[in-house]
Amino acid sequence: MDTNQNEKEIKEQTVSADGESGIEKTDGKKKIEFPEFLTVTSSPHIKSPDTTRSIMLDVIIGLIPALIWGVYIFGMRALTITLISVASCVLFEFLTQKLLHRPVTILDFSAAVTGILLAMNLSVAVPLWIPIAGAFFAIVVVKQIFGGIGKNVVNPALAARVFLFAWPGEMTRFVNPKTAIDPVSIGIDADIVAQATPLASLKHGELPNVSIFDMLIGNNAGCIGEVSALLLAAGGVYLLVRKVITWHIPVAFIGTVAVLTFVFPQGGANSLDFMLYEIFAGGLMIGAFFMATDYVTSPVTAKGKLIFGVGCGLITVFIRFFGGYYEGVSFSILIMNLLVWYIDKFTRPVKFGGKSNVKKQAEK
Amino acid sequence: MNSYIKQLRDGVVTNNPTVVQFLGMCPTLAVTTSVKNAIGMGFAVIAVLTCSNLFISLVRKFIPKEVRIASYIVIISGFVTAVELLIKAFLPALDESLGLFIPLIVVNCIILARAEAFASKNKPLPSIMDGISMGLGFTISLTVIASVRELLGAGTLFDYPVFGEWFSPAIIFILPSGAFLTLGFVVAAVQKIRNSSAERKRIEELKKRMNEE
């Protein structure tokens, strides 16, 4: 009797809640808004102090040292590019979410992280409209059209970088450290001489003319945020300590590249030298620690992450050795991003007391 | 007359062969690098499709069911050869830029699909109309895709520069990957329009029913 009454009350409450605030008539359009206690979410219902915002803040903190180094070594233009990139990413996120009537989530900083990563993957000598075009592609095309944060298929910043190779001349012009470039002019002077990056030298079968120590601290030509292997690794360790990322992907990724380049040095170079140059050159560090570990576009299980990392490493080395481009990190991560669904499917953990897929197959 | 208008609307909008039925993807992705190519390809397909639809409709009662596909292909390839020779003779520049894709019209899915789905079951006049409207739908989709690609990838339309000196073309749109990107966006836009019109209809029906109650 008692329980019956309770149930009835609850039912009445629900109905009244529905009737009062459920359906509102605004401008003749029907708008259905359910009160919060009626919102049903799927499991798991574990609460954790981590929010998207706190994780993104940790990622930004991890990226800051390498970014400051980039500004120090390439001049104020690097800062201009970063600011334009971050501002346009946030703006595009805001505008698309308004346009698509989605909740505006610019304060979770995920767009800002995309902006920072995009800028760190550009050369300091790009025209200033390049980061805006990249931000448009990253946020509007790759992220929002596919459904917003958590639903993008590939890493937005990387996809934007690859899209920006639509302008190959602008994207592949790298300059040496401490080259003076006007920080606010839209294009750059034609008399600024493009420099070969260490990866270009490695591709041509010779060791770069910078020392390994310079490569480690980041005193060489390259993208704004990729030059300092040491500071990027430090930022990666910070993320590891904060438990934002796990060790599997970076270790598998860098480890695979290290083993392959040590065993198969190109152009008759010393194995160890060649390996160290390959590891410190290009976007390997930023890719392995900050881009490949993106939650949305990496596998869930530890085993899956190892497979993902090894795959990234293999493709990177293949492109660097045999491909048309000097650098393969972006492409390798994007290709593996697309395979995450399969990796997750085949590394699905076995339920307690259940049978593994292999055993099931064997029984059939 | 009304049924012809409906056919035209069907071919161009509601059942557009390229962006709704996804037929003839190969020429759609390959020749849309410039508007000129797209229009040339489109008209070649209109010609072949109309003629083959008419012819197949005329002989539909004589063709044994078991060998119908082979017979259609023979008829289609006859018309394609004629069109190919005509283009070679009168539009050598177009022939140069379309190249292999003209003979490949033989295996264009749109033509075989319309032969199988429409011309083999209908009278000659509706079949001609079907050929024209489906061909027109194909041409319009190709032209839209090609204008986006040419505009962004080369900064030109019909080979005339549209933008000033400041524009730096994004060559990705001329490359194959740009074809997929543009096709995706055009399809998304068309689906959005189709869905919203279907949604409007549904809401109107709901309103009507509510009023009745």
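These numbers come from a predicted model, not from an experiment.

Caption draft 1: Geometry of the overall build of chain A. Looking only at helices and strands, chain A has 16 helices and two strands in total. The buried share of chain A, reckoned over its 364 residues, is 47%. Expressed as a percentage of contacts within chain A between residues at least 6 apart in sequence, the contacts between residues at least 24 apart total 73%.

Caption draft 2: Spatial organisation of the overall build of chain B. Helices and strands together make up the secondary structure of chain B, namely eight helices and two strands. The order of helices and strands in chain B, counted from the N terminus, is α-α-α-α-α-α-α-β-β-α. Projecting the C-alpha coordinates of chain B onto the three principal axes gives extents of approximately 60 × 55 × 30 Å. Of the contacts made within chain B by residues no fewer than 6 positions apart, 74% connect residues no fewer than 24 positions apart. Approximately 11,800 Å² of chain B is accessible, and the part contributed by carbon and sulfur atoms is 69%.

Caption draft 3: Fine view of the nonpolar core. In terms of nonpolar packing, the biggest core is built from 96 residues, with F253 and F290 of chain A touching the most fellow members. Setting aside anything within four residues of it in sequence, one finds F253 of chain A in contact with L284, G287, A288, A292, G309, C312, G313, T316, V329, S332 and I333 of chain A.

Caption draft 4: Local environment of the interface of chain A and chain B. In this assembly, ten residues from chain A lie in contact with nine residues from chain B. Summed over both sides, the interface between chain A and chain B buries roughly 680 Å², with carbon and sulfur atoms accounting for 74% of that surface. Counting across the chain A and chain B interface gives zero salt bridges. Seen at the junction of chain A and chain B, the total is three residue pairs in polar contact (both at pLDDT 80 or more). Elements that contribute at least two residues to the side of chain A that touches chain B include exactly α5 (129-144) and α7 (168-171) of chain A. Among the elements that take part in the side of chain A that touches chain B, α5 of chain A stands out by supplying three residues, more than any other.

Caption draft 5: Spotlight on helix α11 (residues 248-263) of chain A. Residue and element names in this part refer to chain A. A rise of 1.5 Å per residue sets the reference length of α11, with its 16 residues, at 22 Å; its end C-alpha atoms lie 22 Å apart and thus fit the reference within 8%. Buried residues of α11: H248, I249, P250, A252, F253, I254, T256, V257, A258, L260 and T261, and no others. In this structure, the buried side of α11 is in contact with α12 (271-280), α13 (284-291), α14 (302-322) and α15 (329-346).

Caption draft 6: Seen up close, a nonpolar patch on the surface. Residue and element names in this part refer to chain B. A surface patch of nonpolar side chains, amounting to about 390 Å² of accessible area, comprises L8, L136, I140, V144, V148 and L152. Looking at the secondary structure, you find L152 in helix α7 (residues 124-154). Note on L152: relative accessible area 34%, which makes it partly exposed.

Caption draft 7: A look at the packing of aromatic side chains. Evaluation of the coordinates by the stated rule reveals 13 aromatic pairs over all chains. Ring plane angle 80 degrees and centroid distance 6.2 Å describe the contact between F163 of chain A and F173 of chain B, whose orientation is recorded as edge-to-face. With F163 of chain A in helix α6 (residues 156-163) and F173 of chain B in the loop between β2 (160-161) and α8 (176-212), the pair connects residues from two separate chains. A relative accessible area of 9% places F163 of chain A in the buried class. Look at F321 of chain A and F322 of chain A: their rings are 6.1 Å apart centre to centre, the planes differ by 90 degrees, and that puts the pair in the edge-to-face class. Overall, the relative accessible area of 64% leaves F322 of chain A in the exposed class.

Caption draft 8: Region of interest: the pattern of salt bridges. All names here are of chain A. The full count for this structure, using the stated rule, is eight salt bridges over all chains. A salt bridge links E327 to R320; the nearest nitrogen and oxygen atoms lie 3.0 Å apart. For E327, a relative accessible area of 10% puts it in the buried group. Judged by its relative accessible area of 4%, R320 falls in the buried class. Each of E278, R320 and E327 takes part in salt bridges that share partners, so that together they form one network.

Caption draft 9: A look at the confidence of the model for chain A. Of all residues in chain A, 86% attain a pLDDT of 70 or more, and the chain-wide mean is 83. Every residue in residues 1-26 of chain A scores below 50 in pLDDT, and together they form 20 contacts with partners more than four places removed in sequence or on other chains.

Caption draft 10: Expanded view of the packing of α14 of chain A against α15 of chain A. All names here are of chain A. Between α14 and α15, the shortest axis-to-axis distance is 8 Å and the interhelical angle comes to 145 degrees. Here α14 runs over α15; the crossing is right-handed. Packed against α14, whose contacting residues are G304, I307, F308, G311, C312, I315, T316, I319 and R320, the element α15 presents V329, F331, S332, I333, I335, M336, N337, V340 and I343 at the interface. Taken together, the residues of the contact of α14 with α15 break down into twelve nonpolar, five polar and one charged.

Caption draft 11: Examining the state of the cysteines more closely. Enumeration over the complete set of coordinates arrives at zero disulfides over all chains. The thiol of C89 of chain A is unpaired, and the distance to the nearest cysteine sulfur, on C223 of chain A, comes to 16 Å. C26 of chain B carries a free sulfur, and the closest cysteine sulfur to it, the one in C109 of chain B, is 8.6 Å from it.

Caption draft 12: Just the confidence of the model for chain B, in detail. Taken over all residues, the pLDDT of chain B has a mean of 87, while the share at 70 or more is 100%. Across the whole predicted complex the pTM is 0.80, and at the interface the ipTM reaches 0.77.

Caption draft 13: Representation of the side chain of Q7 of chain B within the structure. Structurally, Q7 of chain B can be placed in helix α1 (residues 2-14). For Q7 of chain B, the residues in contact, after removing those within four places along its chain, are F118, P126, M129, D130 and S133 of chain B.

Caption draft 14: Examining unusual backbone geometry more closely. A positive phi angle is found at F109 of chain A, which is not glycine, with a value near 65 degrees. Residue placement: F109 of chain A occurs in the loop between α3 (76-99) and α4 (110-120). Phi at F22 of chain B is positive, roughly 55 degrees, even though this residue is not glycine. Mapped onto the fold, F22 of chain B is located in the loop between α1 and α2 (25-30). Look at F22 of chain B and you get partly exposed, because its relative accessible area is 41%.

Cut-off values and rules
In this convention, every chain numbers its residues from 1, walking through the sequence in written order. Each chain gets a letter, beginning with A, and each ligand a number, beginning with 1, in the order they are written. Local features in this predicted model are restricted to residues whose pLDDT is 70 or higher, and side-chain atom pairs enter the listing and the counts only when it is 80 or higher, whereas totals over whole chains, interfaces and linings include all residues. Calculation of side-chain values draws on the structure's entire complement of heavy atoms; hydrogens and water are dropped beforehand. Helix and strand labels come from DSSP, where a helix needs a run of H or I of at least four residues and a strand needs a run of E of at least two; each type is numbered from the N terminus. Relative accessibility under 20% of the residue-type maximum defines a buried residue, over 50% an exposed one, and the middle range a partly exposed one, all with a 1.4 Å probe and only protein chains included. Contact between two residues is taken to exist if any of their heavy atoms lie within 4.5 Å; hydrogens are not considered. Throughout, the Shrake-Rupley method with a 1.4 Å probe supplies accessible areas, and for residues the shown protein chains are the sole cover considered. Grouping buried Ala, Val, Leu, Ile, Met, Phe, Trp, Tyr and Cys residues that are joined through side-chain atoms within 4.5 Å yields what is termed a nonpolar core. Note: buried area is the sum, over both parts, of the accessible area (probe 1.4 Å) each one loses when the two are combined. For salt bridges, the criterion is a side-chain nitrogen of Lys or Arg within 4 Å of an Asp or Glu carboxyl oxygen. Here a polar contact is recorded for every N or O atom pair within 3.5 Å, except that within protein the pair must consist of a potential hydrogen donor and a potential acceptor, and residues adjacent in sequence are included only if both atoms are side-chain atoms. Helix span, expected: 1.5 Å multiplied by one less than the number of residues in the helix. Each patch is assembled from residues with relative accessible area greater than 30% and no salt bridge, linking like charges that lie within 9 Å and nonpolar side chains (Val, Leu, Ile, Met, Phe, Trp, Tyr) that lie within 5 Å. Each Phe, Tyr or Trp ring (for Trp, its six-membered ring) is paired with any other whose centre lies within 6.5 Å, and the angle between the two planes then decides the class: stacked below 30 degrees, edge-to-face above 60, tilted in between. The pLDDT score gives, residue by residue, the confidence of the prediction method on a 0 to 100 scale. Angles shown run from 0 to 180 degrees and are taken between the N-to-C directions of axes, each axis being a line fitted to C-alpha atoms and, for helices, limited to the stretch in contact. If you view the pair so one helix is near and one far, a crossing is left-handed when the near helix is turned anticlockwise from the far one by less than a right angle, and right-handed when it is turned clockwise. Under the scheme applied, nonpolar residues are Ala, Val, Leu, Ile, Met, Phe, Trp, Tyr, Cys and Pro; charged residues are Asp, Glu, Lys and Arg; polar residues are all the others, including Gly. Throughout, disulfides are identified as pairs of cysteine sulfur atoms within 2.5 Å of each other.

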